[in-house]
Amino acid sequence: MNDAKLIEALSNASSLELFELSTLIDRLLADPRRIVAVLNRLNLGKSVRFMDGRTGHMRSGKVVAMKGDQVTVHEDGTRSQWKMSYAAIDPGDASERVDGPTPTVHQTPVHKPGPEDFRRGDKVSFTDKYLQPQVGTITRINQRTASVDCEGGTGWRVPFAMLRHVMDI
């Protein structure tokens, strides 16, 4: 994107105005909703295009890892790996998936956790709406959710599908 009017306007802006704009952009890029929107369109092995921050050119590669707020892409041409923010990725078409084994009718369905899988007092973990891991103890089993008191003193109502048991070793 090389809009001459925009570049001219930014060139004439003061350092403070540029800093304010940079802060605003950083905040928007760190918004969990934006990260989740890209994450939902990615899967391991998917071919993507990504922005090379050094040169400003788009490159292509395959997703090899997704962890936290970063994705690792193996570049096709140079065989190098890039770790970058989800904001640098163009995930392409949402319907495109990696070729893999197609599910057959005879496969058993994946177990969906429910209230019978958890008890009051169980130690569990989950990822909150801010994409932060939380650990806590179940205080109440509801019909569709569990009430969890976390270590930071906050309470959450969490769907059973998002809960994972924590084992003390």
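Residues numbered from 1 in each chain as written. Predicted model: local features only at pLDDT ≥ 70, side-chain atom pairs only at ≥ 80, totals over all residues. Heavy atoms only, no water.

### Side note on the nonpolar core
By size, the foremost hydrophobic cluster in this structure holds 12 residues: Ile35, Val38, Leu42, Val48, Phe50, Val63, Val71, Val73, Trp82, Met84, Tyr86 and Ile89. Only α3 (32-39), β1 (47-51), β3 (70-75) and β4 (81-85) provide two or more residues apiece to this core. Leave out the neighbours within four places in its chain, and Val71 touches Leu42, Val63, Ala65, Met66, Trp82, Lys83, Met84, Ser85, Tyr86 and Ile89. Among the nonpolar cores identified, the runner-up in size contains 10 residues, and Phe118, Val124, Phe126 and Val148 belong to it. (Core = buried A, V, L, I, M, F, W, Y, C linked by side-chain atoms within 4.5 Å. Buried < 20%, exposed > 50% of the residue type's maximum accessible area, 1.4 Å probe, protein only. Helix = DSSP H or I, 4+ residues; strand = E, 2+ residues; numbered from the N terminus. Contact = heavy atoms within 4.5 Å.)

### Thoughts on the sheet that holds strand β6 (residues 123-127)
Pairing is antiparallel in the open sheet, where five strands are placed in the order β9-β8-β7-β6-β10. Each edge of the open sheet is held by one strand with a lone partner, namely β9 (155-159) and β10 (164-165). Here β6 runs beside β10; their pairing, made up of two bridges, is antiparallel. Looking at the pairing, Val124 lines up with His165 of β10. (Pairing = 2+ DSSP bridges.)

### With respect to the pattern of salt bridges
Applying the stated rule across the entire model yields five salt bridges. Between Arg54 and Asp52 there is a salt bridge, with its nearest N and O atoms 3.5 Å apart. Take Arg54: its relative accessible area is 68%, and that puts it in the exposed class. For Glu151, the salt bridge is made with Lys123, and the minimal N-O distance between the two is 3.9 Å. Highlighted residues: Glu151 in the loop between β8 (145-150) and β9 and Lys123 in strand β6, separated in sequence by 28 residues. Taking the relative accessible area as the measure of exposure, Lys123 reaches 30% and is therefore partly exposed. Here the residues in one salt-bridge network are Asp52, Arg54, Arg59 and Glu75, joined through shared partners. (Salt bridge = Lys/Arg side-chain N within 4 Å of Asp/Glu carboxyl O.)

### Things to note about the packing of aromatic side chains
The tally for this structure, following the rule as stated, stands at three aromatic pairs. Ring geometry for Phe118 against Phe160: centres 5.9 Å apart, planes inclined by 15°, an arrangement best described as stacked. Remark: Phe160 occurs in the loop between β9 and β10 and Phe118 occurs in the loop between β5 (89-90) and β6; sequence separation between them is 42 residues. For the residue pair Phe118 and Phe160, the accessibility class agrees, reading buried in each case. Ring centres of Phe126 and Trp156 lie 5.9 Å apart, and the angle between their planes is 70°; this geometry places the pair in the edge-to-face category. Of this pair, Phe126 sits in strand β6 while Trp156 is found in strand β9, placing the two residues 30 residues apart along the sequence. (Phe/Tyr/Trp six-rings, centres within 6.5 Å; stacked < 30°, edge-to-face > 60°.)

### Focus: the environment of Gly77
Topologically, Gly77 is positioned in the loop between β3 and β4. Residue Gly77 is classed as exposed on the basis of its relative accessible area of 70%.

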